[in-house]
Amino acid sequence: MLTSYVEAIREGILEEMERDPNVFLLGEDIGVYGGAFKVTAGALERFGARRVIDTPISESAIVGAAIGASFMGLRPVAEMQFADFISCAFDQIVNFAAKCRYRWNAPVPIVVRAPCGGGIHGGPFHSQQNEAWFAHTPGLKVVLPATARDAKGLIKAAIRDNDPVIFFEHKALYRKIKEEIPPGDYTVPIGKAAIHRVGRDLTIVTYSAMVHVAAQVAEIVAREGISLEIVDLRTLVPFDEATVLESVRKTSKVIVLHEATMTGGFGGEIVARITEKAFEYLDGPVLRVTAPDTPVPYSPPLEAAFLPDADKLLAKVRWLAAY
Amino acid sequence: MPVAKPEPARKNAFQSTDAELSRKFLYYMALMREVEERIERRLYRQGKVLGGVYVGRGQEAIPVGSGLAARPDDIFFPSHRDLALYFIRGVTPKQVFAQYMGRRDGLTQGRDGNMHMGDLSKGLVAIISAMAASVPVAAGAAMALKYQGKDSVVFVYFGDGATSRGDWHEGINLATVQKAPLVLVCNNNQYAYSTPLDKQMACANVADRAPGYGMPAEIVDGNDVWAIYEAAKRAAAHARAGLGPYLIECKTFRMTGHSAHDPADYVPKDLFQKWSQRCPIQQLEKRMLDNSWASRQEIDALHQQIKQEVDQAIEQAEQSPYPDPSELLLRVYENEA
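Participant: Hey, could you run me through the overall build of chain B in this one?
Facilitator: Across its full length, chain B holds twelve helices and seven strands. The C-alpha radius of gyration computed for chain B amounts to 20 Å, which stays within 12% of the reference 20 Å derived for 337 residues, consistent with globular compactness. When burial is assessed residue by residue, chain B has 57% of its 337 residues classed as buried. Residue pairs in contact within chain B that sit at least 24 positions apart in sequence constitute 74% of those at least 6 positions apart.

Participant: Teacher, can you tell me more about the overall build of chain A here?
Facilitator: Counting its regular elements, chain A contains twelve helices and 14 strands. In terms of overall dimensions, chain A is globule-like: its C-alpha atoms have a radius of gyration of 19 Å, near the 20 Å expected for 323 residues. Counting only C-alpha atoms and orienting by the principal axes, one finds that chain A spans roughly 60 × 40 × 40 Å. Within chain A, the proportion of its 323 residues that are buried is 64%. Long-range pairs, those at least 24 residues apart, make up 82% of the contacts in chain A between residues at least 6 apart in sequence. Of the roughly 11,500 Å² of accessible surface on chain A, a fraction of 56% belongs to carbon and sulfur atoms. For chain A, the separation between the mean place of its 34 positive charges and that of its 39 negative charges on side chains is 2 Å.

Participant: Looking at this structure, I do not really get the pattern of salt bridges. What am I missing?
Facilitator: Oppositely charged side chains are able to pair whenever their charged atoms sit close together. Residue and element names in this part refer to chain B. For the structure shown, the criterion picks out 49 salt bridges over all chains. Measuring nitrogen to oxygen at the nearest pair gives 3.8 Å for the salt bridge that ties Arg41 to Glu40. Given a relative accessible area of 38%, Arg41 falls into the partly exposed group. Assessed through its relative accessible area of 8%, Glu40 is described here as buried.

Participant: Looking at this structure, how should I read the sheet that holds strand E11 (residues 228-232) of chain A?
Facilitator: Strand pairing within a sheet occurs via backbone hydrogen bonds; the two strands may be parallel or antiparallel. All names here are of chain A. Judged by pairing direction, the sheet is mixed, and its five strands sit side by side in the order E9-E11-E10-E13-E14 without closing on themselves. Lying at the two open borders of the sheet, with one neighbouring strand each, are strand E9 (194-197) and strand E14 (287-291). Ignoring which end each strand starts from, the neighbouring axes of this sheet average 25° apart. The pairing of strand E10 (residues 202-206) with strand E13 (residues 254-261) spans three bridges and is classified as parallel. Within the sheet, the bridge partner assigned to Val205 lies in E13 and is Val256. Helix H10 (residues 266-277) rests against E10, E13 and E14 of the sheet, and its axis sits at about 160° to E13.

Participant: Help me understand the domain arrangement of chain A in this model?
Facilitator: All names here are of chain A. Partitioning chain A into domains gives domain 1 (3-179) and domain 2 (194-321). Each of domain 1 and domain 2 has a C-alpha centre, and these two points are 26 Å apart. Each partner contributes residues to the interface: domain 1 has 26 residues there, and domain 2 has 23 residues. Between domain 1 and domain 2, a total of about 2,000 Å² is buried, with carbon and sulfur atoms accounting for 63% of that surface.

Participant: I keep staring at the interface of chain A and chain B and nothing clicks. Help me out?
Facilitator: Many structure descriptions define interface size as the accessible area lost when the parts assemble. Every contact between the two is made by 39 residues of chain A and, on the other side, 37 residues of chain B. Summing both partners gives a buried area of about 3,200 Å² for chain A against chain B, and 62% of it is carried by carbon and sulfur. When the buried area of chain A at its contact with chain B is split by residue, Met72, Tyr102 and Arg103 of chain A rank highest and sum to 25% of it. On the surface where chain A and chain B come into contact, there are two salt bridges. Two residues, Arg165 of chain B and Asp91 of chain A, come together in a salt bridge whose shortest N-O distance is 3.7 Å. The interface formed by chain A and chain B includes 19 residue pairs in polar contact (both at pLDDT 80 or more). In terms of residue count, helix H3 (residues 59-71) of chain A provides more of the side of chain A that touches chain B than any other element does, nine residues in total. Taken together, the residues that form the side of chain A that touches chain B break down as 19 nonpolar, eleven polar and nine charged.

Participant: What should I look at first to understand the packing of helix H2 (residues 17-43) of chain B against helix H9 (residues 225-240) of chain B in this one?
Facilitator: Axis angle and axis distance: for two packed helices, these are the angle between their axes and the distance between the axes, and together they describe the pair. Residue and element names in this part refer to chain B. It is at 11 Å that the axes of H2 and H9 come closest, and there the two elements cross at 110°. With respect to H9, the axis of H2 lies roughly perpendicular. Seen from H2, the contacting residues are Asp18, Leu21, Ser22, Phe25 and Met29; seen from H9, they are Val225, Trp226 and Tyr229. When its residues are assigned to classes, the contact of H2 with H9 shows six nonpolar, one polar and one charged.

Participant: Quick question: what am I supposed to make of helix H8 (residues 210-222) of chain A here?
Facilitator: All names here are of chain A. In this model, H8 (13 residues) spans 18 Å end to end at C-alpha, consistent with the 18 Å of a helix rising 1.5 Å per residue. Of the positions making up H8, those classed as buried are Met210, Val211, Val213, Ala214, Val217, Ala218 and Val221. Viewed end-on, H8 has its buried residues packed into an arc of 155°, placing them on one side of the element.

Participant: Looking at this structure, how should I read the nonpolar core?
Facilitator: By size, the foremost hydrophobic cluster in this structure holds 96 residues, and its most contacted members are Phe71 and Leu233 of chain A together with Phe158 of chain B. Top element by residues in this core is helix H6 (residues 134-147) of chain B. It accounts for ten residues. Residue assignment places this core across two domains, with domain 1 (3-179) and domain 2 (194-321) of chain A each supplying three or more. Val55, Phe76, Met101 and Trp293 of chain B belong to the second largest nonpolar core, which has 71 residues in total.

Participant: Can you help me understand unusual backbone geometry in this one?
Facilitator: Comment: phi is negative for the bulk of residues other than glycine, and the bulk of peptide bonds are trans. Put simply, Val237 of chain A and Pro238 of chain A share a cis peptide bond, and its omega is -5°. For Pro238 of chain A, the position within the fold is in the loop between strand E12 (235-237) and helix H9 (241-251). Of note, Gln109 of chain B is a non-glycine position whose phi angle comes to about 55°, a positive value. With respect to the helices and strands, the residue Gln109 of chain B is situated in the loop between helix H5 (93-100) and H6. Given the relative accessible area of 35%, Gln109 of chain B is considered partly exposed.

Participant: So what exactly am I meant to see when it comes to the confidence of the model for chain B here?
Facilitator: Low pLDDT marks regions whose predicted coordinates should not be analysed in detail. Residue and element names in this part refer to chain B. Residues with a pLDDT of 70 or more make up 96% of chain B, whose mean pLDDT is 95. For residues 1-6, every residue scores under 50 in pLDDT, and the model assigns this stretch four contacts once sequence neighbours within four places are set aside. Across the interface, the model reports ipTM at 0.96; the global pTM reads 0.96.

Participant: What should I look at first to understand the environment of Glu241 of chain A in this one?
Facilitator: Residue and element names in this part refer to chain A. Turning to its location among the elements, Glu241 is positioned in helix H9. The class for Glu241 is buried, based on a relative accessible area of 18%. Glu241 sits 36 residues away from Lys277 along the chain, and the two C-alpha atoms are 9.6 Å apart. Ignoring anything within four residues of it in the chain, the contact list for Glu241 reads Arg273 and Lys277.

The rules behind the values
Residues numbered from 1 in each chain as written. Chains lettered and ligands numbered in written order. Predicted model: local features only at pLDDT ≥ 70, side-chain atom pairs only at ≥ 80, totals over all residues. Heavy atoms only, no water. Helix = DSSP H or I, 4+ residues; strand = E, 2+ residues; numbered from the N terminus. Rg over C-alpha atoms; globule rule 2.2 N^0.38 Å. Buried < 20%, exposed > 50% of the residue type's maximum accessible area, 1.4 Å probe, protein only. Contact = heavy atoms within 4.5 Å. Areas by Shrake-Rupley, 256 points an atom, 1.4 Å probe, with all protein chains shown as cover. Lys, Arg positive; Asp, Glu negative; His and termini not counted. Charge placed at Lys NZ, Arg CZ, Asp CG, Glu CD. Salt bridge = Lys/Arg side-chain N within 4 Å of Asp/Glu carboxyl O. Pairing = 2+ DSSP bridges. Axes fitted to C-alpha atoms, helices over the stretch in contact; angles between N-to-C directions. Domains from an automatic or database assignment. Buried area = accessible area lost by both parts, 1.4 Å probe. Polar contact = N/O pair within 3.5 Å; in protein donor to acceptor, adjacent residues only side chain to side chain. Nonpolar A, V, L, I, M, F, W, Y, C, P; charged D, E, K, R; others polar. Parallel < 35°, antiparallel > 145°, perpendicular 65-115°, else oblique. Expected span 1.5 Å × (residues − 1). Arc of directions from axis to C-beta. Core = buried A, V, L, I, M, F, W, Y, C linked by side-chain atoms within 4.5 Å. pLDDT = per-residue confidence, 0-100.

Written as structure tokens, this is what we have:
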């Protein structure tokens, strides 16, 4: 049976609620309505209003309350309706949750779920890919699954993790990706990248929805005799540097691909690590394919021009392969 | 004027629970005053405390009255003017001095300074520097206690200025909707850094904000430890009974600048003059003498004992080592020692 990305996340959450009575959900419209994207549909019916809390429209209170509940031994899973609205809870996440363990040895085992990304004509306030804000804050873990299998395994791992996890779910993947996933209980370790496709000529380092763009391009260039290896980071923090460097040493050519805008994006960090630690293995410049430095526009031709896609990646792959 | 009482009456008064509680009040208020005096007026000026110093001089009745009204299983979210809450929960003056001096024996082992400290095992949550941010966190802790079927309550502390921030309103709104067992203690010392109350809000009292959330509130004399104690008992009973949050606004005055580097030139001198007549410690002592709960000699002896305790604590704290730079990278995440 095929499981979609959204079903996989839902299954993971419900299984964790079944397994651990300390797990509870809070967020806007997550109970009666089942969440703006129906990720938590059915949770209220199954677990009741005590464990599935519809909150006021108060992102800061949602994350703050999750932190406070975690101090008392609970494991809250908080939903931000859109990753864009996480900015309203920024202080709680970056100034408090991220620093408690370091400052005063108080673990904050919370998960903040953030539906992110473009391609759904959401416009500037409902499309951002803002993981870099959090990757720049020590103390947070940043997780971005690209597949249904990983989405379930990682949400379960995130709920069991004893540090605050920002869990970015790509909205365009919710119902687009369907695949066989292992039955029942399994986790995917946070901090471990996956080789999404094995290749020998050129490495694409990417994550989230862009993994599928890379896979599309890999199929096309395979017919031209270019073998792409795709590294799906799955988590940015902790960053699986070893897997990236191993692939780079093998292929000697790298493109870093992400949907987020370029300047200050996590891609810059990946490029820096590669040039610092595998420079002598490189046979060409380390390139980036990202969105340009603009807000995410609404109108379809503008949004299409904004988002990295197969054509944009293809051009760079051909150029670098011939370098 | 107090009337001299015959010896047997005095003895009974001395042994009464009121007398016993008063002596506890006095001990913690005087200890807080003494520890903060040393930090602000000696260690800071001697360069032994380098970072920010924020004290609660003149406001000691607030943490002491409310802190002793709480049960040991209640949770505190102190503000930076509530040092006594830490002592009530068993944190020692030595740990506090070490904390201020950035030493290993401080509650955060040198990772944070001054009042930015906590210990979950003692029910003390470290403050978030932008104070109102504590309110949603306290709301969540209170929701969790209810979730767990416990009848403990959460006490969260903040100043008048904090009530201007969105977090304060979001946290209270969530807590009232959820009927979370939360006691909100406002230290209204009339200044938020240099900004006086009338530039902070257009209503006369912080308590005026409460009806907007369907929450009871009361205004108490913030320099009367007994009044605060009684109000906190009422508030905690309300919250414990499942009736939701309760706000106590303690009207007091900040007898210092915002911090040790701030001479508070913007505060009219006569305000300091006026409020110095209402020192919460002196008022308590007077009440203790009037009721024959203690003699002058006993009170003096208590102050003496505290001074010695504090001298010793500073000595011990100064012997505490600084953290080693090799510890810098540890404990950002779990399993990093």
